[in-house]
There are 2 protein chains.
Amino acid sequence: MDKKIEPRKLKGFWELMPDEQILFSDLLSKLEKVFKQNCFVPLDTPVLEYSDVLLAKSGGDVDKEIYRFTKGDTDMCMRYDLTVPLARFVAMHQNELNFPFKRYQIGKVYRGERPQKGRFREFYQCDADIIGDGELSLVADAECISLFEKCFKELGLEVRIEVSNRKILAGYIEELKKSDKATEIFIVLDKLEKIPLEDAMAELQEIGLNAKECENIIKLTKNTGKIQKIVENLRNFCKNEVFQKGLNEFEELANHLEAFGTKCVVGNLGIIRGHNYYTGTVFEGFLKDGKDAVGAGGRFENLCGYFSSRNMPGVGMSVGITRLFSILTQNGYFKEKTNEVDVSIITFDDTLHAGLELMTRLRENGVMADCLYEAKSFKAKMKEANKRGVKYVLIVGEDEVKDKEYTLKDMQASQQEKLKFEDLIEKFAKNG
Amino acid sequence: MDKKIEPRKLKGFWELMPDEQILFSDLLSKLEKVFKQNCFVPLDTPVLEYSDVLLAKSGGDVDKEIYRFTKGDTDMCMRYDLTVPLARFVAMHQNELNFPFKRYQIGKVYRGERPQKGRFREFYQCDADIIGDGELSLVADAECISLFEKCFKELGLEVRIEVSNRKILAGYIEELKKSDKATEIFIVLDKLEKIPLEDAMAELQEIGLNAKECENIIKLTKNTGKIQKIVENLRNFCKNEVFQKGLNEFEELANHLEAFGTKCVVGNLGIIRGHNYYTGTVFEGFLKDGKDAVGAGGRFENLCGYFSSRNMPGVGMSVGITRLFSILTQNGYFKEKTNEVDVSIITFDDTLHAGLELMTRLRENGVMADCLYEAKSFKAKMKEANKRGVKYVLIVGEDEVKDKEYTLKDMQASQQEKLKFEDLIEKFAKNG
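Topic: the overall build of chain A
- Per the secondary structure count, chain A includes 15 helices and 17 strands.
- The globule rule puts the C-alpha radius of gyration for 432 residues at 22 Å, and the 28 Å found for chain A is more than 25% above it.
- Considering only C-alpha atoms, chain A reaches an extent of 90 × 55 × 50 Å along its principal axes.
- By the burial criterion, 43% of the 432 residues in chain A qualify as buried.

Set out below in structure tokens:
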């Protein structure tokens, strides 16, 4: 064992130190709790899938980003999202599942893109979707938006959910007889916030819209505020059937949202959400004052089109949990060092077992007590407790064992007091 | 979208249906709770690692079982266990971590072996380890065994933990001047339960032991029972220093275990645990009357030998969670169908929003209520609730909304009663 291999992690792969991991795991647990409370069931699909299944959408084209390889004669890929595995699962089990099928999945996905700030090659997705059989009520859209709001409420975060319905813009584009260019137009509208207005106008004109049409469609995306108000204002804007259907759906959604008691939703026709996938309701969530979305979702026409001829519409939401964690870390959401340990126990040679017994009893009572059991001097153990940043040290010496009163030292206040077992339980229940 | 791709899952990859997944996720949560309570911190390493790092142990030899591939010019592997990634992590961060470092990790690992009953190509490992810096007290061994016991206690399962110390057998083999054959001898002793005695004797003689030595070493592995008793019985069996050290460690471990209050531990010198990795304490856990281990662990000399010249001994435990889940599913541990939903709400056209509001309030109060909101007839909704196996249906019609008393139907008893909101909360808090 003379030649050592340099221990290193693959570039662009996320790995947290334990104190951060505690915070991240806690976020995930909170989201999972919300999903369960709202009657979504968990799914845990394999990380690997057959390549033809995973790449069905792209007609088998290999995307450079995808981790694809063969083993034996099996051609496989690591999943790049949780939606295609959901589609595969639903298509496989379409005769066993109950619809609407409400599932959540929290899992790692893989994209071999160039690592850059805030982008990772392995990261978590956190999705919840409702899949219908043949049809799916707009109540499901409201349920997903409400679920998204509840996720952030559980995290104690103020969120602003901006909602649109893609049919409104699509209808207007149809009215302009430009449906064949809809994707290109959506691409421009999707970046309105990021590029100068004149550039957007120029791009839209290049696509074939005249100046008036450009102005109108951009004006359309500027409709924000109370959904019912937006709908009212636009009723006479355009007679197109799809446009009017979009308004109807938008209005119906707003009514359903009221029944769910959502409080953070506003209308914003500028929300586009990519190019083709979503067909009705679309939404993005932002933290207070935040400009980057921390999650999003929407309605799609048919989940399983590549696998099954049965029509399965769906609506979903996704929390961008990796990005959210970075933002929260930066903006001081996590106020204190995490509590890996409530109290470190320091014993002496002949009180080790008394200390271990006390530790065991404390843990049984919910106190995260940890005994520094390596054979070191008292001074070395105090130094170690300090290095670990523990708030309290419990000293278990001969006198303490005899009196059944233990010396609790507050490391910050440098104060100490003698406490019985019951007092310790009470103390840490309060501080817990 | 005319040509459909057959939706299918890779062979040998584990995937549960939602009702099973709820149970499995619940097992994992319980184990995680125990790890946290015992002051182990979480780690979540990437699924992919550099091949030279992951294969350091085998000197870069490619095992057929391992999923290895290149992307760009990076040669990488999917992890086949959680121990090598732990070693890589500890070696990378050896100057930042506090030792003893106590971490747990629950994650998927990959082995491309031939799929067979109870063996999967992707499955969960659930590990907890304590890593020391230079040295590590035997208290850590006791803590791991105690942790293992607590895991099963949390699951409500009776476990029997059989413990040995490898130095005892290793010392006797040294006494026989057969240390160069120790691995081969351990391989035979490891399968004593599975092959006829005469075959084992023959194999041992082939390795070079005479008949008397064969008998003695087999007799040694038959020592079972209270650890202190085994130690007492064997003190004069052999003067070898390693043998005596093994007895000392075994005895010390038993004393520490008493301080931890373990109740399910017995000594069994027949516990070998593979061939080379473990060097001191070894243990296996069995369910009551079970013959196959549902978990195991032990002490190893040096975790990071391939990556660092710093000596880092460790002790760990692992619950075979995938196998355990299969056993529990078969033996009826999971008595009832899981509660995906407490109650399904059935509304009519004009009471949909009243039903959704009621659902929202019930969920806020911890009741898993789910409204069947697809536009279907009352009869169709009742049929659907039945198909989903829900125990209760809550009917929200016009009268119910007016009176604020809702009709709760017990689907099994075919009884119904009228309940106010508060009564519903109480009802499901009791039934929950």
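Section: the pairing of strand β4 (residues 74–78) of chain A
Residue and element names in this part refer to chain A.
- By the bridge criterion, 3 bridges tie strand β2 (residues 48–50) to β4 in an arrangement that is antiparallel. Within the sheet, the bridge partner assigned to leucine 48 lies in β4 and is methionine 78.
- Pairing of strand β3 (residues 68–71) with β4 involves 4 bridges; the strand directions are antiparallel. Considered in β4, the bridge of lysine 71 is made with threonine 74.
- Here β3 hands over to β4 after 2 residues, with glycine 72 in that stretch at a positive phi of 60°.

Some details on the domain arrangement of chain A
All names here are of chain A.
- What the domain assignment reports for chain A is domain 1 (8–139 + 291–338), domain 2 (159–287) and domain 3 (343–431).
- Each side of the interface is counted separately: domain 1 has 13 residues, and domain 2 has 16 residues.
- Here the side of domain 1 that touches domain 2 takes 6 residues from strand β11 (residues 295–300), the largest share from any one element.
- Among the residues forming the side of domain 1 that touches domain 2, the class breakdown is 8 nonpolar, 3 polar and 2 charged.

A few points about the relation of the copies chain A and chain B
- At an RMSD of 0.1 Å, chain A and chain B line up after a rotation of 180° and a shift of 0.0 Å along the axis. Look at the turn and shift together and you get a two-fold axis relating the two. Closest to the rotation axis within chain A is the C-alpha of phenylalanine 69 of chain A, separated from it by 3.2 Å.
- Of the interface residues in chain A, 100% have counterparts in chain B that sit at the interface too, so the contact is made through matching surfaces.

Quick look at the packing of helix α4 (residues 139–154) of chain B against helix α10 (residues 241–260) of chain B
Residues and elements named next belong to chain B.
- Relative orientation of the contacting elements α4 and α10 amounts to 50°, with a least axis distance of 9 Å. Taken as axis vectors, α4 and α10 run oblique relative to one another. Seen from above, α4 lies across α10 with right-handed handedness. Residues Val139, Asp141, Ala142, Glu143, Ile145 and Ser146 of α4 lie in contact with α10, whose contacting residues are Leu253, His256, Leu257 and Phe260.

A word on the interface of chain A and chain B
- Between chain A and chain B, the contact holds 68 residues from the first and 68 residues from the second.
- The residue inventory of the side of chain A that touches chain B, partitioned by class, reads 34 nonpolar, 15 polar and 19 charged.

Let's talk about the sheet that holds β3 of chain A
All names here are of chain A.
- Within the open sheet, the 3 strands sit side by side as β2-β4-β3. Their pairing is antiparallel. Each edge of the sheet is formed by a strand with only one pairing partner; in this case those strands are β2 and β3. The average undirected angle you get between the axes of adjacent strands in this sheet is 40°.

So, unusual backbone geometry
- Omega for the bond connecting phenylalanine 99 of chain A with proline 100 of chain A falls within 30 degrees of zero, at -5°, which places this linkage in the cis form.
- With respect to the helices and strands, proline 100 of chain A occurs in the loop between α3 (83–92) and β5 (101–110).
- Positive phi, close to 65°, is recorded for cysteine 39 of chain A, a residue that is not glycine.
- For cysteine 39 of chain A, the position within the fold is in the loop between α1 (18–37) and β1 (41–42).
- Exposure remark for cysteine 39 of chain A: the 18 C-beta atoms within 10 Å place this residue in the partly exposed category.
- Even without being a glycine, lysine 177 of chain B presents a positive backbone phi close to 60°.

Some points on the packing of helix α7 (residues 197–207) of chain B against helix α8 (residues 211–221) of chain B
Residues and elements named next belong to chain B.
- Orientation of α7 relative to α8, taken along the N-to-C sense of each, is 125°, at an axis distance of 9 Å. Judged on the interaxial angle alone, α8 and α7 are oblique. For the pair α7 and α8, the sense of crossing is right-handed. Contact residues: Ala200, Met201, Leu204 and Gln205 in α7; Ala211, Cys214 and Ile218 in α8.

A look at the sheet that holds strand β15 (residues 392–396) of chain B
Residues and elements named next belong to chain B.
- Pairing within the open sheet is mixed, and its 5 strands lie in the order β14-β13-β15-β16-β17. The open sheet terminates on both sides in strands that have one partner only, identified here as β14 (369–371) and β17 (415–419). Within the sheet, the average angular offset between the axes of one strand and its neighbour, ignoring direction, is 25°.
- Two strands pair when backbone bridges link them, and β15 and strand β16 (residues 406–410) are joined in this way by 4 bridges, in the antiparallel orientation. Looking at β16, one finds that isoleucine 395 is bridged to threonine 407.
- Relative to the sheet, helix α12 (residues 352–364) contacts β13 (343–347), β14 and β15, its axis offset from that of β14 by approximately 160°.
- Across the sheet, helix α13 (residues 378–387) is in contact with β13 and β15; its angle to β13 comes to roughly 170°.

Section: helix α6 (residues 182–190) of chain A
Residues and elements named next belong to chain A.
- Residues Ile185, Val188 and Leu189 constitute the buried set of α6. Looking straight down α6, one finds that the buried residues subtend no more than 100° of arc, so they occupy a single side.
- Where α6 is buried, its residues contact α5 (166–175), α7 (197–207) and α8 (211–221).

Some details on the pairing of strand β6 (residues 122–131) of chain B
All names here are of chain B.
- Burial analysis of β6 places 8 of its 10 residues in the buried class, which makes it a mostly covered element.
- Across 10 bridges, strand β5 (residues 101–110) lies against β6 in antiparallel orientation. From the neighbouring strand, lysine 102 faces β6, where its bridge partner is isoleucine 130.
- Pairing of β6 with strand β12 (residues 314–319) involves 6 bridges; the strand directions are antiparallel. Bridge pairing links cysteine 126 to valine 319 in β12.

Here's the deal with the environment of serine 29 of chain B
- Along the polypeptide, serine 29 of chain B turns up in helix α1 (residues 18–37).
- Along the chain, serine 29 of chain B and glycine 297 of chain B lie 268 residues apart, while their C-alpha atoms are 21 Å from each other.

What to know about the environment of glycine 274 of chain A
Residue and element names in this part refer to chain A.
- Summarising the element assignment, glycine 274 is placed in the loop between β9 (265–268) and β10 (278–287).
- With 14 C-beta atoms packed within 10 Å, glycine 274 lands in the partly exposed category.
- Along the chain, glycine 274 and leucine 189 lie 85 residues apart, while their C-alpha atoms are 9.8 Å from each other.

Observations regarding the environment of valine 341 of chain B
- Structurally, valine 341 of chain B can be placed in the loop between α11 (321–330) and β13.
- Judged by local crowding, valine 341 of chain B falls into the buried class, with 20 C-beta atoms found within 10 Å.
- Between the alpha carbons of valine 341 of chain B and isoleucine 5 of chain B there is a distance of 34 Å; along the sequence they are 336 residues apart.
- Among all residues touching valine 341 of chain B, those that are not within four sequence positions of it are Cys39 of chain A together with Met368, Asp370 and Val390 of chain B.

About the cut-offs
- Throughout, residues of each chain are indexed from 1 in the direction in which the sequence is written.
- Here every chain gets a letter starting at A, and every ligand a number starting at 1, in the order they are written.
- Thresholds applied to this predicted model are a pLDDT of at least 70 for local features of residues and 80 or more for the giving and counting of side-chain atom pairs; totals over whole chains, interfaces and linings are not thresholded and use all residues.
- Elements are defined by DSSP. Helices are runs of H or I of four residues or more, strands are runs of E of two residues or more, and each kind is numbered from the N terminus.
- A radius of gyration in this sense is built from C-alpha atoms; the matching globule rule multiplies 2.2 Å by the number of residues raised to 0.38.
- In this scheme every C-beta is placed from the backbone, and a residue whose C-beta has 20 or more other C-beta atoms within 10 Å is buried, one with 12 or fewer is exposed, and one in between is partly exposed.
- Only when DSSP finds a minimum of two bridges between them are two strands counted as paired.
- Either an automatic procedure or a domain database provided the assignment from which the domain bounds are taken.
- Once C-beta atoms are placed from the backbone, any two residues with those atoms within 7 Å are in contact.
- Under the grouping applied here, Gly and all other residues not named as nonpolar or charged are polar, the nonpolar ones being Ala, Val, Leu, Ile, Met, Phe, Trp, Tyr, Cys and Pro and the charged ones Asp, Glu, Lys and Arg.
- Superposing copies: least-squares fit, C-alpha atoms only, residues required to have pLDDT of at least 70 in both.
- Angles shown run from 0 to 180 degrees and are taken between the N-to-C directions of axes, each axis being a line fitted to C-alpha atoms and, for helices, limited to the stretch in contact.
- The scheme is simple: roughly parallel for angles under 35 degrees, roughly antiparallel for over 145, roughly perpendicular for 65 to 115, oblique for anything else.
- By convention the crossing between two helices is left-handed if the near helix lies anticlockwise of the far one by an angle smaller than a right angle, and right-handed if it lies clockwise.
- Arc definition: it is the arc formed by the directions from the helix axis to the C-beta atoms.

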